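Next come the chains, spelled out residue by residue.
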Amino acid sequence: MLHFDYEIRVGNTNLSQRLMIEKFHRETALEIICYREPILSASNPKQAISDAVSEFRNLKRLFQGDALFLGPDTLNYPKSPTDYPKEWLKIE
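Residues numbered from 1 in each chain as written. Predicted model: local features only at pLDDT ≥ 70, side-chain atom pairs only at ≥ 80, totals over all residues. Heavy atoms only, no water.

Colleague: Account for the packing of aromatic side chains, with residues named and values stated.
Modeller: Any two aromatic rings considered together are summarised by their centre-to-centre distance and by the angle between their planes. Applying the stated rule across the entire model yields three aromatic pairs. Taken together, a centroid distance of 6.1 Å and an interplanar angle of 40° make the contact between F4 and Y6 tilted. Each ring, one from F69 and one from Y84, has its centre 4.8 Å from the other, and the planes form 55°; the classification is tilted. A residue pair is termed long-range when its members are at least 10 positions apart, and F69 in strand 4 (residues 69-70) and Y84 in the loop between strand 4 and strand 5 (89-90) qualify at 15 residues. On the basis of relative accessible area, F69 is assigned to the buried category, the value being 17%. (Phe/Tyr/Trp six-rings, centres within 6.5 Å; stacked < 30°, edge-to-face > 60°. Helix = DSSP H or I, 4+ residues; strand = E, 2+ residues; numbered from the N terminus. Buried < 20%, exposed > 50% of the residue type's maximum accessible area, 1.4 Å probe, protein only.)

Colleague: So what's going on with the nonpolar core? Residues and values would help.
Modeller: Listed in full, the nine residues of the largest apolar core are V10, L15, C34, I39, A48, A52, V53, F56 and L68. Counting residues per element, this core draws most heavily on helix 2 (residues 45-62), at four residues. In this view, V10 contacts L15, D51 and E55; residues no more than four positions away in its chain are not counted. (Core = buried A, V, L, I, M, F, W, Y, C linked by side-chain atoms within 4.5 Å. Contact = heavy atoms within 4.5 Å.)

Shown next as structure tokens:
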């Protein structure tokens, strides 16, 4: 698995993210993790969430992703665009 952490400023929000790339047989999986602390500590958390979702959409388009999910800090990740745990919200 290849992963790297980076920070990006979107609107008025500094996001701290991790890209995780893993190869499964002949397919490659990409997961993007956004750490919640910068969002929760923002002066306007509602705007910070909007900024984060906007960045997620940009990354989804850039990497030609199949789906965009919002979920909890667990290791129980979605398996596909149609197979995901009930605690995850499919945005698109």
